[in-house]
Amino acid sequence: MIVATVNTKGGTAKTTTTIALANELAIRNPDARILVGDLDKQGSATEWADLARDNGTPLPFQVDVCNIKRLPRIASQLSAQDALFIDTPPGDSAAIQAAIEVADFVIIPTLASGLDTSRVWETLRTLDGSQMHAVLLTSVRLGTNLFDQTKAAFDSEGISRFDTIIPLRESIRASYGYRPTHDGAYGDVLTEMMGALA
C-alpha cells in the first residue's frame, strides 16, 4: 500500500496526517513493515522522527529522506504486506506528481477556509482520474458555518472526501516531536482508506 499526502498549499497538516496514519497502522499491525518517505526539502517528517527518538518516544516505523529519482525504486521494492506513506512539499509540482504516480491512494488534507480549499481544486487537477483519492478536512472547528459550507461545497461538486473529520485539537498539534498516541479520528481515516482499497 502506497499513500501520498499532497496539497499544493502548505500548512494543511500533510506531515501530521502522514505520521499519524503510519502510526495508526503500526498500532493496528505491529509486525508490518511501514516506511515514511520524506519528499519535502524542509524535512518536517524527518525532523519529527529525530526529535521523537531524542525524546525517548521513537516512531515505530522508518522515516527516510527521499527524492523523486529514488521514489520509484523504493515503491517497486515493497512487498504486498508493506506500506509506504509519502509526505510531499507544497508548491513542488515535480515532487507532488512523482508521489501521485506511485500511489495507490492520494490524500488531500485541507483546512476549512476559502484560501485552503481553493488550492484543493488546483491539487485535484494534478490527478489523472485513475488514482483513488479523497479530501480530508483537518483542524476543523466543528459546528461552524465555515465547516458546513466547506463540506457542502465539496459535496455539491461530487468531490470524494473522507466521512471522518479531523477536529482542531491541542493534542494533535502537541504531538510533533513525539510518537503520537492513538487517535480515533486518524484511526477512522485509516479504516476508510483501507476499506476503499480492499
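Data block above holds the structure.
Along each chain, residue indices are assigned from 1 in the same order as the chain's sequence is written. Only residues with pLDDT of 70 or above have their local features reported here, since the model is predicted, and side-chain atom pairs are shown and tallied only from 80 upward, although totals for entire chains, interfaces and linings are computed over all residues. Note that the side-chain values use all heavy atoms of the structure and ignore hydrogens as well as water.

Brief notes about the overall build of the protein
Definition in use: A run of H or I in DSSP counts as a helix once it spans at least four residues, and a run of E counts as a strand once it spans at least two, with each numbered from the N terminus. As defined in this context, the radius of gyration uses C-alpha atoms, and a globule is described by 2.2 Å times the residue total to the power 0.38. Categorising residues by exposure relies on relative accessible area from a 1.4 Å probe, with only protein chains included: less than 20% of the type maximum marks a residue as buried, more than 50% marks it as exposed, and the intermediate range marks it as partly exposed. We call two residues in contact when some of their heavy atoms are within 4.5 Å. Method for areas: the Shrake-Rupley scheme with a 1.4 Å probe, in which residue coverage is limited to the protein chains shown. Charge assignment in this entry is limited to Lys and Arg as positive and Asp and Glu as negative, and neither His nor the chain termini are counted. In this description, the location of a charge corresponds to atom NZ of lysine, CZ of arginine, CG of aspartate or CD of glutamate.
In terms of helices and strands, the protein carries eight helices and six strands. Sequence-ordered secondary structure for the protein, helices as α and strands as β, is β-α-β-α-β-α-β-α-β-α-β-α-α-α. Here the C-alpha atoms of the protein give a radius of gyration of 16 Å, agreeing with the 16 Å that 2.2 N^0.38 yields for 198 residues. Based on the C-alpha atoms only, the size of the protein along its principal axes is roughly 40 × 35 × 35 Å. Per-residue burial over the protein gives 51% buried out of 198 residues. Taking contacts inside the protein between residues at least 6 apart in sequence as the whole, the part at least 24 apart equals 81%. Counting every atom, the protein has about 9,400 Å² of accessible surface; 49% of that belongs to carbon and sulfur. Averaging the coordinates of the 17 positive side-chain charges in the protein and doing the same for the 24 negative ones gives two points 3 Å apart.

Some words on the sheet that holds strand E3 (residues 62–65)
Inclusion rule: A pair of strands is considered paired only if DSSP assigns at least 2 bridges between the two. Lines fitted to C-alpha atoms define the axes here, with helix axes fitted over just the stretch in contact, and angles between the N-to-C directions of these axes take values from 0 to 180 degrees.
In space, the six strands of this open sheet follow the order E3-E2-E4-E1-E5-E6, with parallel pairing throughout. In the strand order of this sheet, the two ends are held by E3 and strand E6 (132–137), each with one partner. Neighbouring strand axes in the sheet, compared pairwise and without regard to direction, differ in orientation by 20° on average. Strand direction decides the pairing type here: strand E1 (residues 2–5) and strand E5 (residues 105–110), joined by three bridges, are parallel. Paired with Ala-4 across the bridge in E5 is Val-106. With respect to the sheet, helix H1 (residues 14–28) is in contact with E1, strand E2 (34–38), strand E4 (83–87), E5 and E6, its orientation differing from that of E4 by roughly 165°.

Some points on the packing of H1 against helix H8 (residues 184–197)
Threshold: We call two directions roughly parallel when the angle between them is under 35 degrees, roughly antiparallel when it is over 145, roughly perpendicular when it lies between 65 and 115, and oblique otherwise. For this classification, the nonpolar set comprises Ala, Val, Leu, Ile, Met, Phe, Trp, Tyr, Cys and Pro, the charged set comprises Asp, Glu, Lys and Arg, and every other residue, Gly included, is treated as polar.
In the contact formed by H1 and H8, the axes pass within 9 Å of each other and the chain directions differ by 80°. Regarding the angle of H1 to H8, the classification is roughly perpendicular. Residues Thr-16, Thr-17, Ala-20, Leu-21, Glu-24, Leu-25 and Arg-28 of H1 form the contact with H8, whose participating residues are Tyr-186, Gly-187, Val-189, Leu-190, Thr-191 and Met-194. By residue class, the composition of the contact of H1 with H8 is seven nonpolar, four polar and two charged.

Quick word on the environment of Val-6
Relative to the helices and strands, Val-6 is located in the loop between E1 and H1. Taking C-alpha positions, Val-6 is 7.0 Å from Val-106, a pair spaced 100 residues apart along the chain.

Quick word on the pairing of E5
For E5, a buried count of six out of six residues is recorded, marking the element as mostly surrounded by other parts of the structure. In E5, alternate side chains face the same way, and those of Phe-105, Ile-107 and Pro-109 on one face and Val-106, Ile-108 and Thr-110 on the other are all buried. With six bridges joining them, E5 and E6 adopt parallel strand pairing. Paired with Pro-109 across the strands is Leu-136, a residue of E6.

Remarks on the packing of aromatic side chains
Here is the rule: We call Phe, Tyr and Trp rings a pair once their centres come within 6.5 Å, taking the six-membered ring for Trp, and we label the pair stacked below 30 degrees between planes, edge-to-face above 60, and tilted otherwise.
A complete count under the given rule lists three aromatic pairs for this structure. Seen from their ring centres, Phe-105 and Phe-162 are 5.9 Å apart, and the 40° between their planes marks the pair as tilted. You can see Phe-105 sitting in strand E5 and its partner Phe-162 sitting in the loop between helix H6 (145–156) and helix H7 (170–173), a full 57 residues away along the chain. For the pair Phe-105 and Phe-162, one class covers both residues: buried.

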